[in-house]
Amino acid sequence: MKADLTWLDDPQTFRINQLPAHSDHRGYASVEEATAQHSSLVQSLDGTWQFAFAPDPVHRFEGFYRPDYDRSAFDRLTVPGHIELAGYGQIQYINTAYPWEGHHYRRPAYSMGADQPEKGMFSTDPQNTVGAYVKHFTLNPALVNQRVSIEFDGVEQAMFLWLNGQFVGYAEDSFSRSEFDLTPYLQDGQNLLAVEVFKHSTAAFLEDQDMFRFSGIFRSVRLVAKPELHVEDLTIRAGLDDAFQTGDLKVRLQLTAASQLSGTATAQLLTADGQEVWATDEQPAASTLDLAAAIDHVHLWDHHDPYLYQLRITLKDVAGQVVEVVPYPVGFRRIELKDKVMCLNGQRLILNGVNRHEWDAHRGRAVTMADMTQDLQTFHDNHINAVRTCHYPDQDAWYYLCDQQGIYMMAENNLETHGTWQKMGAVEPSYNVPGSLPQWQLAVLDRAKSNYEMFKNHPAVLFWSLGNESYAGDDIAAMDAFYHHADPTRLTHYEGVCRNRVYEDRISDMESMMYDPPRAIEDYLKNDPQKPFVNCEYMHDMGNSLGGMASYDALIDQYPMYQGGFIWDFIDQALWVKDEVTGQPVLRYGGDFDDRHSDYEFSGDGLLFADRTPKPALQEVDYYYGQHD
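Rules and cut-offs
Residues numbered from 1 in each chain as written. Predicted model: local features only at pLDDT ≥ 70, side-chain atom pairs only at ≥ 80, totals over all residues. Heavy atoms only, no water. Helix = DSSP H or I, 4+ residues; strand = E, 2+ residues; numbered from the N terminus. Rg over C-alpha atoms; globule rule 2.2 N^0.38 Å. Contact = heavy atoms within 4.5 Å. Pairing = 2+ DSSP bridges. Axes fitted to C-alpha atoms, helices over the stretch in contact; angles between N-to-C directions. Salt bridge = Lys/Arg side-chain N within 4 Å of Asp/Glu carboxyl O. Buried < 20%, exposed > 50% of the residue type's maximum accessible area, 1.4 Å probe, protein only. Disulfide = S-S within 2.5 Å. Parallel < 35°, antiparallel > 145°, perpendicular 65-115°, else oblique. Left-handed = near helix turned anticlockwise from the far one by under 90°. Nonpolar A, V, L, I, M, F, W, Y, C, P; charged D, E, K, R; others polar. Phe/Tyr/Trp six-rings, centres within 6.5 Å; stacked < 30°, edge-to-face > 60°. Lys NZ or Arg CZ within 6 Å of the ring centre and 35° of its normal.

1. Observations regarding the overall build of the protein
So, point 1. Check the secondary structure of the protein and you find 9 helices and 38 strands.
So, point 2. Relative to its length of 629 residues, the protein is compact, with a C-alpha radius of gyration of 24 Å against a globular reference of 25 Å.
So, point 3. The C-alpha extent of the protein, read off along each of the three principal axes, is 70 × 65 × 55 Å.
So, point 4. Pairs at least 24 residues apart make up 74% of the contacts formed inside the protein by residues separated by at least 6 positions.

Quick look at the structure:
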């Protein structure tokens, strides 16, 4: 198969030769490696890559992936990072419009009719910038003679991949992990990896989030070895009985082998201090293994006591030698609707939440572990117990940290199509996607599946969110149905159905609104509501905001079906730059980069400034969230 640039124009082409999405577990070669959390089976490709920038597809570096191509004039670029923050292309902040508006007349493929595929929209786009990345690597000894895949944690927005001059695959969905099997293309000694990244494809219509519009390999890249016997997928269900005393543990393993399935698998459940509370006998290897246990006097997981057990899977070959160890944290808890009230472990749930874009004032969305740990400290200091990953899946590490810190998560899909249904503030969905268009349904279902498979085992995830501000139709209803079928242990969320109430019985387990005044919420709660109420966005913290928080807080004690919400938002989106006049570092917002069109200082509506300095409004949050923590 050869790469085809027209895939950029086709919403029905969004993954080529990608491995199926699976759980985010990590394999280790031994118990000692698992304890140290350092796997010899993983080789990082982060760091310096060769790089060349092209302003459009016509002027891209065709054939740059060939071993004999002359790349002596290529620059150097750090991965992970954004192309624009390295000095290429245009930095641009937009809220609801699309980047090309005012330059090109465009309608999403098939939105104006099944006979209008809009060929050439992005493959010939004169403003579709292209980044050519090249990395040379030699396999670490532990990866030699193994099956080897490559994981891209985040590439914005469409990528083509080659190894040693051979085409490997294609991926979209900027914020979900893309994995490819490199085994057939590897060679002894040095290997040549090439990635071509396009800023826009049909995925751009699905990724119209309120944010700076960047491109490039902005999250980590790694090689992963799969031993002779390997845990390909892990599904953990850690529920509770009706008395909340006994844990109901169910584990499903999907195993693969390089040649034939042989060897054994065992599972253990350990307490936080390493004491074994359950273990299996050695199980003969099989493609699917189902394990179950009842855990008496189980220690529950919640915000104030985020207790985690440790599941440990051990695989051995036919000689009895350990080939892979897979650890995973397990939190026993139950989220459910009882009498139309969301309850966690039998108690009414109150969400003291925030919406949180991934942001670093130096690095954009290429956030660091230090950023994440500092954010969690701010959460705890100010009685914030919940986070909505607006409006895309976050870095994997954030979910583990929320498990450990007891932060309730609304795990959001990478989906917002705001500019296809709202124009100048008016609801006008004539060319909305995904809507009920069959040509777009598989793409959004794939995003739902990626989100679910990756994060399905995290106790912190209480809700699956279908996306943000994308109107409503058959395709989003299909996403809701997928989540309920795949995971009956969690609830679904979606606010956009309020724009098309025909679907309200098929979409979302909760009534979710943005910026409803307290009086409107009270009217809803007084009139036989069918779903609990959540503010998925409220208290828009722009300028001198949050002054009316007391009115929302008062609803908590009056109405059990009012369950709190998520403030918009946690941190400003702004970037450190050197001021041209004073030479001093300054924070610059939308519109400060000669970006036109732009939504200007609307990027600054966080509880924190972009350098993570708290704003005065955070004092209000600390006080009122502290009333129900």
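2. Focus: the sheet that holds strand 27 (residues 351-355)
So, point 1. Ordered in space as 33-32-29-28-27-36-35-34, the 8 strands form an open sheet in which the pairing is parallel. Each edge of the sheet is formed by a strand with only one pairing partner; in this case those strands are strand 33 (491-493) and strand 34 (511-514). In this sheet, neighbouring strand axes are inclined to one another by 25° on average, regardless of whether the strands run parallel or antiparallel.
So, point 2. Here strand 28 (residues 386-388) runs beside strand 29 (residues 408-412); their pairing, made up of 3 bridges, is parallel. Bridge pairing in strand 29 links Arg388 to Met410.

3. Here we look at the pattern of salt bridges
Pairing is possible between side chains of opposite charge, provided their charged atoms come close.
So, point 1. Taken as a whole, this structure holds 43 salt bridges when the rule is applied.
So, point 2. Taking the shortest distance from any N to any O, the salt bridge between Arg334 and Glu336 comes out at 3.3 Å. Take Arg334 and Glu336: they sit in the same class, and that class is buried.
So, point 3. Across the pair Arg501 and Glu511 runs a salt bridge whose closest N-O atoms are separated by 2.7 Å. Taken together, the residues Arg501 in the loop between strand 33 and strand 34 and Glu511 in strand 34 connect sequence positions 10 residues apart.
So, point 4. For Glu511, a relative accessible area of 9% gives the class buried.

4. Overview of the state of the cysteines
So, point 1. Tallying each qualifying case throughout the model produces 0 disulfides.
So, point 2. You can see Cys390 has no disulfide; the closest cysteine sulfur is in Cys536, sitting 10 Å from it.

5. Topic: the packing of helix 5 (residues 438-455) against helix 6 (residues 474-486)
So, point 1. The interhelical angle for the contact between helix 5 and helix 6, taken along N-to-C directions, is 30°, at an axis separation of 9 Å. Here helix 6 runs roughly parallel to helix 5, going by the angle between their axes. Note that helix 5 runs across helix 6; the crossing there is right-handed. For the pair helix 5 and helix 6, the contacting residues are Trp440, Gln441, Val444, Leu445, Ala448, Lys449, Asn451 and Tyr452 in the first and Asp474, Asp475, Ala478, Met479, Phe482, Tyr483 and Ala486 in the second.
So, point 2. Here the contact of helix 5 with helix 6 is composed, by residue class, of 10 nonpolar, 2 polar and 3 charged.

6. Considerations on the packing of aromatic side chains
So, point 1. Within the structure shown, the criterion is met by 46 aromatic pairs.
So, point 2. Ring centres of Phe160 and Trp162 lie 6.3 Å apart, and the angle between their planes is 20°; on these two criteria the pair is classed as stacked. Just as Phe160 is buried, Trp162 falls in that class too.
So, point 3. On the basis of an interplanar angle of 50° and a centroid distance of 4.6 Å, the ring pair of Phe160 and Tyr170 is categorised as tilted. You can see Phe160 sitting in strand 9 (residues 158-163) and its partner Tyr170 sitting in strand 10 (residues 166-171), a full 10 residues away along the chain.
So, point 4. Aromatic rings pair up to connect Trp7, Phe64, Tyr65, Phe160, Trp162, Phe167, Tyr170 and Phe198 into one cluster.
So, point 5. The ring of Trp398 is capped by Arg356, whose NZ or CZ atom sits 3.7 Å from the centre of that ring.
So, point 6. The side chain of Lys423 reaches across the aromatic face of Tyr431, ending 3.9 Å from its centre.

These figures come from the coordinates and say nothing about function on their own.
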